[in-house]
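Listed below are the residues making up each chain.
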There are 2 protein chains.
Amino acid sequence: MTESLLQRQLESPESAVQRFREYLASRPKPLRFTEAQRQMIHFIFSRHNHFDAEQLCAELDRANLNISRATVYRTLNKLVNAGLLRRVQLGNRVAYEHDYGYPQHEHLVCDQCGRVIEFEAPQLEAVYEGVCRQYGFQPSRHNLVVRGTCGDCLRAHSAKCRLDLILAVPTPAG
Amino acid sequence: MTESLLQRQLESPESAVQRFREYLASRPKPLRFTEAQRQMIHFIFSRHNHFDAEQLCAELDRANLNISRATVYRTLNKLVNAGLLRRVQLGNRVAYEHDYGYPQHEHLVCDQCGRVIEFEAPQLEAVYEGVCRQYGFQPSRHNLVVRGTCGDCLRAHSAKCRLDLILAVPTPAG
DNA sequence: ATTCTTGCAAAGCCTTTGCAACTGC
DNA sequence: GCAGTTGCAAAGGCTTTGCAAGAAT
């Protein structure tokens, strides 16, 4: 479902755990590290790239990790605050993706099949830098989503069109 | 709440109504044009720029236009399908904005006060054109949202910081 | 007359929250 | 043992939907 042009710095589940514990400890009121959190981080950082809360719950269930929906949501929020996950809006759906050790990137989203393609666009900041200066606006992050139809779906569609033509306009011999 | 750099082609409520009727009539099963729809279009195209469904309901109420929430949602969907409104994701909130007769544009969104600044970025397509070609992806539309802090909030914040300093470190004379 | 639209209330979906029991530190 | 975490179930937003009554063509 997800493809990437990016040179991925592989993030081990253990280093993600490590970083999460540092985040928890660094809070004004230190937070606690629990078994449920450890399991979620291991699961997320050894498998997924893009996923939503619903998917994650289902897959955790399938893996026989009994973590309640509430805890999944609470932990996802903490992981976002810790900078381990990034919350992105892909079309209508909210997805989470690895953030820690992963470069800023943008998304192509196929409206037909939901496929997500990531790409880097270093020139993008230049596109909005001018307006920001003009308005004294201090940008903190951006999100570019390009929607459309992926190559596979285009091919499938044109194949279907050819077929429709054949069925609709039988040859004189037919 | 909304500012714009754009040269707005003023769209009269009447021409929006006109175009909506054409859309309704052009459907395989023609749809009907109603008083509630006319009132909503007049309201939207004589006032708002960005708004969400909730705001619109409240303002319609205030204007003594008694249109139910369900009808507001149903009509908004039709207006989007008709190409009169565009649905945009601004941060966490879904907003609607005029589409018909309004150029493609991007958004700066202030995380503090919600202010929205629109700008045009003709160079933006070039940013993703290459990846699309590479993947055989056919782009249909894009959405760039830059979040951060607007000039006013920056000033308010630095003023507050100065104040905090004064309060926290009283002068020897204080 | 037919069929779409409306309003209402109910349900859906996703996410958060109150509370009592539990557990990390 | 204190304070944060969990699970549950309930409640919260926001949006859609089933249905009977009303309106547009």
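Details of the structure are given in the entry above.
Summarised in this report is the structure supplied together with it. Starting from 1, residues in each chain are numbered consecutively following that chain's sequence as written. Just so you know, chain letters begin at A and ligand numbers begin at 1, following the order they were written in. Only residues with pLDDT of at least 70 are given local features in this predicted model, and only at 80 or more are side-chain atom pairs given and counted; all residues enter the totals for whole chains, interfaces and linings. In computing side-chain values, all of the structure's heavy atoms are included and hydrogens and water are not.

1. Concerning the protein's contact with DNA strand D
Reasoning step 1: For this purpose, a residue is taken to be near a molecule or strand whenever a single non-hydrogen atom of the residue falls within 4 Å of it. With respect to spatial proximity, 23 residues lie near DNA strand D, and among them Arg 32, Thr 34, Thr 71 and Arg 74 of chain A together with Tyr 73 of chain B are the closest.
Reasoning step 2: Looking at DNA strand D alone, sugar and phosphate atoms form 63% of those within 4 Å of the protein.
Reasoning step 3: At 2.9 Å from a phosphate oxygen of DNA strand D is found a side-chain nitrogen or oxygen belonging to Thr 34 of chain A.
Reasoning step 4: Pairing of N or O atoms within 3.5 Å defines a polar contact, subject to two protein rules: one partner must be a possible hydrogen donor and the other a possible acceptor, and residues neighboring in sequence count only if both atoms are side-chain atoms. At a separation of 2.3 Å, a phosphate oxygen of DNA strand D approaches a polar side-chain atom of Tyr 73 of chain B.
Reasoning step 5: Elements represented by at least two residues in the surface near DNA strand D include exactly helix 2 (35–46) and helix 4 (69–81) of chain A together with helix 3 (53–62) and helix 4 (69–81) of chain B. Helix numbers and strand numbers start at the N terminus; a helix is a DSSP run of H or I with at least 4 residues, a strand a run of E with at least 2.

2. With respect to the protein's contact with DNA strand C
Reasoning step 1: For DNA strand C, the set of nearby residues contains 22 residues, the closest of which are Arg 32 and Tyr 73 of chain A together with Arg 32, Thr 71 and Arg 74 of chain B.
Reasoning step 2: Here DNA strand C approaches the protein such that, of its atoms within 4 Å, sugar and phosphate make up 64%.
Reasoning step 3: One of the side-chain nitrogen or oxygen atoms of Tyr 73 of chain A is found 2.3 Å away from a phosphate oxygen of DNA strand C.
Reasoning step 4: Here a phosphate oxygen of DNA strand C and a side-chain polar atom of Asn 77 of chain A are 3.4 Å apart.
Reasoning step 5: Sorting the residues of the surface near DNA strand C by element identifies helix 4 of chain A together with helix 2 (35–46) and helix 4 of chain B as the ones contributing at least two each.
Reasoning step 6: Here the surface near DNA strand C gets five residues from one element, more than from any other, and that element is helix 4 of chain A.
Reasoning step 7: Split by residue class, the surface near DNA strand C holds eight nonpolar, six polar and eight charged. Here the term charged refers only to Asp, Glu, Lys and Arg, the term nonpolar to Ala, Val, Leu, Ile, Met, Phe, Trp, Tyr, Cys and Pro, and the term polar to all other amino acids, Gly among them.

3. Regarding the interface of chain A and chain B
Reasoning step 1: Throughout, a contact is declared for two residues whenever any of their heavy atoms are within 4.5 Å. Taken together, the contact between chain A and chain B spans 37 residues of the former and 37 residues of the latter.
Reasoning step 2: Taken together, both faces of the contact between chain A and chain B bury some 3,100 Å²; the carbon and sulfur share is 65%.
Reasoning step 3: Among the residues of chain A in contact with chain B, Val 127, Tyr 135 and Phe 137 of chain A are the three that bury the most area, contributing 22% of the side total.
Reasoning step 4: Think of a salt bridge as a Lys or Arg side-chain nitrogen and an Asp or Glu carboxyl oxygen that are within 4 Å of each other. Put simply, chain A and chain B have two salt bridges between them.
Reasoning step 5: Its salt-bridge partner being Asp 111 of chain A, residue Arg 141 of chain B comes within 3.2 Å of it at the nearest N-O pair.
Reasoning step 6: One can count 13 residue pairs in polar contact (both at pLDDT 80 or more) joining chain A with chain B. By buried area we mean the combined loss of accessible area, with a 1.4 Å probe, across both parts when two parts are placed together.

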